[in-house]
Amino acid sequence: MRIARFSIDGNVAFGAVEGDAAPGAEGDLVLDVIRGIPYTDFELSGTKIPLAKVRLLPPVLPNKVVAIGRNYAEHAAELGNEVPDAPVAFFKPTTSVIGSGDAIEYPSFSDELHHEAELAVVIGRMCREVPRERVKDVVLGYTCANDVTARDVQRRESQWARAKGFDTACPLGPWVETDLDPGDLTIQCTVNGAQRQLGRTSDMLRSVEDLVVHISEAMTLLPGDVILTGTPAGVGPLNVGDEVAVTIEGIGTLTNKVIKRG
């Protein structure tokens, strides 16, 4: 099931996306409004709304976004970094989260903004110290993410809070796909239609299971929390006016335009 969060006429709700999500066919998609929230038992209401008539919101409002750096060997190499002995984890604040169609605001304190296409894991239930065999039980599903990064700031500041945590630095969407095996999916990024990144989730150094186990050893994960799993090689610059799209096989496409911060 594809679960979207949307607004219409000032109301916010979740809905199940129905129809063909292939490029060019999005106009035929409809939302069956969900009674309740997707983290508990819910029902489909049977009330259907064309997707074109709503505004898609970030598919979840996470309590926290835990991101993993250098989880693809070629990406680590392209930035001159060694593959880490343990996952490199950092946080992106909830204020950085935006949805598909929302604008990425170019931060005034950076001159080198980069895209990073990533698979995002959405947690479906409160959990801590999750054993590997239970990881599937705590995952609601998967969505597309862009770990937008002020690369020049990242280089000069030892902590990445500003470089990766500024407002609008965490686009998520367009929806959560609940029925998906994340082990070997194509992940790509285009800027103004030109391909920049192309990789497969099977190239991740640590799998989804590895990351959920590792992170939940240290902290309680809550429903709606998000784990970003790292980006393949090919990261590069974004400029004001660019349209950046992250597409992941079996999920869909997350699209955002870069604007000048007002």
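For the structure, check the block above.
Computed from a predicted structure; not experimentally measured. (Residues numbered from 1 in each chain as written. Predicted model: local features only at pLDDT ≥ 70, side-chain atom pairs only at ≥ 80, totals over all residues. Heavy atoms only, no water.)

A. Highlighting the overall build of the chain. Within the chain, the secondary structure is distributed over five helices and 20 strands. Over its C-alpha trace the chain gives a radius of gyration of 17 Å, about what one expects of a compact globule, namely 18 Å for 262 residues. Here the C-alpha coordinates of the chain stretch approximately 50 × 45 × 30 Å along the principal axes. Within the chain, contacts between residues separated by at least 24 positions form 70% of all contacts whose residues are at least 6 apart in sequence. Here the chain contributes 25 positively and 37 negatively charged side chains, and the mean placements of these two sets differ by 5 Å. (Helix = DSSP H or I, 4+ residues; strand = E, 2+ residues; numbered from the N terminus. Rg over C-alpha atoms; globule rule 2.2 N^0.38 Å. Contact = heavy atoms within 4.5 Å. Lys, Arg positive; Asp, Glu negative; His and termini not counted. Charge placed at Lys NZ, Arg CZ, Asp CG, Glu CD.)

B. Examining the pairing of strand S16 (residues 194-200) more closely. Pairing analysis gives six bridges linking strand S15 (residues 186-191) to S16, with the strands arranged antiparallel. Looking at S16, one finds that Cys 189 is bridged to Gln 197. Count of turn residues in the S15/S16 antiparallel hairpin: two residues, of which Asn 192 carries a positive phi of about 55°. (Pairing = 2+ DSSP bridges.)

C. How the structure looks around the sheet that holds strand S19 (residues 243-248). The strand order across the open sheet formed by five strands is S9-S20-S19-S15-S16, and the pairing between neighbours is mixed. Lying at the two open borders of the sheet, with one neighbouring strand each, are strand S9 (103-106) and S16. Across this sheet, the average inter-strand angle for adjacent strands is 20°, counted without regard to direction. (Axes fitted to C-alpha atoms, helices over the stretch in contact; angles between N-to-C directions.)

D. View of the sheet that holds strand S10 (residues 113-115). Sheet architecture is open: three strands sit in the order S13-S10-S18, paired in antiparallel fashion. Both edges of this open sheet fall to strand S13 (149-150) and strand S18 (236-238), since each of them pairs with a single strand only.

E. The nonpolar core, seen in detail. Counting residues in hydrophobic clusters, the biggest one holds 55 residues, and the most contacted among them are Leu 113, Tyr 142, Ile 248 and Ile 251. No other element matches helix H5 (residues 208-216), which puts five residues into this core. Filtering out sequence-adjacent residues up to four positions away, Ile 251 remains in contact with Leu 119, Tyr 142, Thr 143, Cys 144, Trp 175, Glu 177 and Leu 180. Core analysis: the second largest hydrophobic core is formed by 15 residues, Val 65, Phe 90, Val 122 and Ala 145 among them. (Core = buried A, V, L, I, M, F, W, Y, C linked by side-chain atoms within 4.5 Å. Buried < 20%, exposed > 50% of the residue type's maximum accessible area, 1.4 Å probe, protein only.)

F. The arrangement of the state of the cysteines in detail. What the rule picks out here adds up to zero disulfides. As a non-bridged cysteine, Cys 144 has Cys 189 as the owner of its nearest cysteine sulfur, 11 Å distant. Taking the relative accessible area as the measure of exposure, Cys 144 reaches 0% and is therefore buried. Unpaired in this structure, Cys 170 has its nearest cysteine sulfur neighbour in Cys 144, at a distance of 12 Å. Residue classification places Cys 170 among the buried residues on the basis of a relative accessible area of 0%. (Disulfide = S-S within 2.5 Å.)

G. Representation of H5 in the model. Listed in full, the buried residues belonging to H5 are Val 208, Leu 211, Val 212, Val 213, Ile 215 and Ser 216. Looking at the buried positions of H5, the neighbouring elements they touch are strand S6 (65-69), strand S11 (117-123), helix H2 (135-138), strand S12 (139-146) and strand S17 (226-228).

H. Layout of the packing of aromatic side chains. One pass over the structure, following the stated rule, counts two aromatic pairs. Here the aromatic rings of Phe 90 and Trp 160 are separated by 5.2 Å at their centres, their planes lie at 70°, and the arrangement is edge-to-face. Residue Phe 90 is found in strand S7 (residues 88-92), and its partner Trp 160 is found in the loop between helix H3 (151-156) and helix H4 (161-165); the two are separated by 70 residues along the sequence. What makes Phe 90 buried here is its relative accessible area of 10%. Taking the relative accessible area as the measure of exposure, Trp 160 reaches 16% and is therefore buried. With centroids separated by 6.2 Å and ring planes inclined at 80°, the aromatic side chains of Phe 109 and Phe 166 adopt a geometry described as edge-to-face. In this pair, Phe 109 is assigned in the loop between S9 and S10 and Phe 166 in the loop between H4 and strand S14 (170-177), connecting sequence segments 57 residues apart. The ring of Trp 175 carries the charged tip of Arg 2 above its face, separated from the ring centre by 5.8 Å. Lying over the aromatic face of Phe 109, Arg 162 brings its terminal NZ or CZ to 4.6 Å of the ring centre. (Phe/Tyr/Trp six-rings, centres within 6.5 Å; stacked < 30°, edge-to-face > 60°. Lys NZ or Arg CZ within 6 Å of the ring centre and 35° of its normal.)

I. Molecular detail of the pairing of strand S2 (residues 11-18). With seven bridges connecting them, strand S1 (residues 2-8) and S2 associate as antiparallel partners. Residue Ile 8 lies in a different strand from S2, and its bridge partner there is Asn 11. Hairpin remark: S1 followed by S2, antiparallel, with two residues in the connecting loop; positive phi at Asp 9, about 55°. As paired elements, S2 and strand S3 (residues 30-35) share four bridges and run antiparallel to each other. Across the sheet, Gly 15 pairs through a bridge with Val 33, a residue of S3.

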